[in-house]
Each structure stands twice: as C-alpha cells, then as structure tokens.
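This is what each chain is made of:
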Amino acid sequence: MHSLFRCRVLTGLTVLLGSLSASAAVAQELYSLETTCRSAGTTHSCNVVASNVDDTTEYVHTFGSKTVSYRVIDDPYVRIEGRASNTKPWSSVKNAVIDFKKEELCFNSGAFCVKNPKYLADVLVGSGDAMQGRTKVGMVFAANGRVDIACFDNGCNRLKEAIGK
C-alpha cells in the first residue's frame, strides 16, 4: 500500500511539473499564455511560452525586457533548472511550491512566481486521486536537482517553519 501511494505521489509530482515525455529534435510549442509573473516582489504582466525542447519541457516567461526560463527534465529523474536570461547558464532550482488556492507556481522561496489558473486546475484533474483536495504542494531539491523533500498542504508550512529554526 505504501509503495502504491508513493508511486501515485511521484506520478502526481511529475504531472504537476509538466514533464511531458515527448522528445523532439527542435522546439515544439505546446502553448502560450498571457498572465502575471512576480519577480523580486513586483508583479508584472507576462507571456509564458511552453515548448518541448529535445527531452525537456521549457517555460519561457517574458515581462518587459526580461526573460526568465525554467525547464523540467525527467530522465534519469525529475529535476527543474532555471536561468535568469538566455545568456545565463542553467542551474538547479532549490525549491518549488504550487499554491492551488492562489493558482500560482513559485521557485526558489518565491524569488519568481507565475500565475496559471487553467494549467494548475488541469494538473489537479489530471493527477488522479494523489492530489485531490490538495491546496499546496512543495518540493526541495538536492544539489544535483533531484527531489529531496516533498510536502503537502499544512505540511509545507510546517516544513518551512522547521527550516527557519
């Protein structure tokens, strides 16, 4: 029973991160979205373009003259990398939190957040029983980018408190 639950949770997290397994030799646009992004505490109108690029799914967020990108890699294990501009190198994300009530996905302790209500609603529906009724899902990544800790709902608040002590 425990391994079945673990399998469902890991499957749900993979779906949550949008890791599509299709491989492409060139970028294949999946969708484009006009929404809001928050960076350095300031909210901006932004455009998000999601694309399959080789064996990753990349999310390019453009607001003003800035571009922030994240990519989800699922082989050999799920991990997320980000970069502050196209000229910067990719680096592992330290943590990610999805707040379903706020309809927002945040990286690196809220350093960058994006609002995507339709996508997150689809994620909840598509993830099956593992995520039903959840309000928040969080992950902390190890130095190699692999999920080190996952939390749900109030457990994410408790984890944040414990880290702060």
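Structure: see above.
Since the structure is predicted, the reported quantities are computational estimates derived from the model, not experimental observations.

Caption draft 1: Representation of unusual backbone geometry in the model. The residue after D75, namely P76, is reached through a cis peptide bond having omega 10 degrees. With respect to the helices and strands, P76 occurs in the loop between strand 4 (66–73) and strand 5 (79–83). Phi angles above zero are rare outside glycine, and N108 is one such case at about 50 degrees. Considering the arrangement of structural elements, one finds N108 in the loop between strand 8 (104–107) and strand 9 (112–115).

Caption draft 2: The nonpolar core, seen in detail. Core analysis: the largest hydrophobic core is formed by 25 residues, its most contacted members being Y70, I80, F107 and F112. Taken together, the elements giving at least two residues each to this core come down to strand 2 (42–54), strand 3 (56–63), strand 4, strand 7 (95–99), strand 8, strand 9, helix 2 (117–126) and strand 10 (136–141). Dropping the residues within four chain positions of it, Y70 is found in contact with T57, E58, Y59, H61, I80, E81, G82, W90, V93, F107 and F112.

Caption draft 3: Structural view of the pattern of salt bridges. One pass over the full model with this rule turns up 3 salt bridges. E104 serves as the salt-bridge partner of R38, at 2.7 Å between the closest nitrogen and oxygen. Of the two residues, R38 sits in strand 1 (residues 24–39) while E104 sits in strand 8, which places them 66 residues apart along the sequence. Look at R38 and you get partly exposed, because its relative accessible area is 26%. Between E81 and R71 there is a salt bridge, with its nearest N and O atoms 2.6 Å apart. On the criterion of sequence distance, the pair formed by E81 in strand 5 and R71 in strand 4 is long-range, its members being 10 residues apart.

Caption draft 4: Quick look at the environment of S91. With respect to the helices and strands, S91 occurs in strand 6 (residues 91–92). Owing to a relative accessible area of 42%, S91 belongs among the partly exposed residues under this scheme. Separated by 11 residues in the primary sequence, S91 and I80 have C-alpha atoms spaced 8.4 Å apart. Discounting chain neighbours no more than four positions away, the residues touching S91 are I80, E81 and G82.

Caption draft 5: Local environment of the state of the cysteines. Applying the stated criterion across every chain, the model contains 3 disulfides. Covalently, C106 is tied to C113 through a disulfide, its sulfur atoms 2.0 Å apart. Residues C106 and C113 are joined by a disulfide whose S-S torsion is about 115 degrees; by sign, that bridge is right-handed. The exposure class assigned to C113 is buried, which follows from its relative accessible area of 1%. One disulfide bridge connects C151 with C156, the sulfur atoms lying 2.2 Å from each other. When the S-S torsion is 105 degrees, as for the bridge of C151 with C156, the disulfide is right-handed. The exposure class assigned to C156 is buried, which follows from its relative accessible area of 8%. In the chain, the bonded cysteines, numbered by position in the sequence, are linked as 1-2, 3-4, 5-6.

Cut-offs and rules
- Residues numbered from 1 in each chain as written.
- Predicted model: local features only at pLDDT ≥ 70, side-chain atom pairs only at ≥ 80, totals over all residues.
- Heavy atoms only, no water.
- Helix = DSSP H or I, 4+ residues; strand = E, 2+ residues; numbered from the N terminus.
- Core = buried A, V, L, I, M, F, W, Y, C linked by side-chain atoms within 4.5 Å.
- Buried < 20%, exposed > 50% of the residue type's maximum accessible area, 1.4 Å probe, protein only.
- Contact = heavy atoms within 4.5 Å.
- Salt bridge = Lys/Arg side-chain N within 4 Å of Asp/Glu carboxyl O.
- Disulfide = S-S within 2.5 Å.

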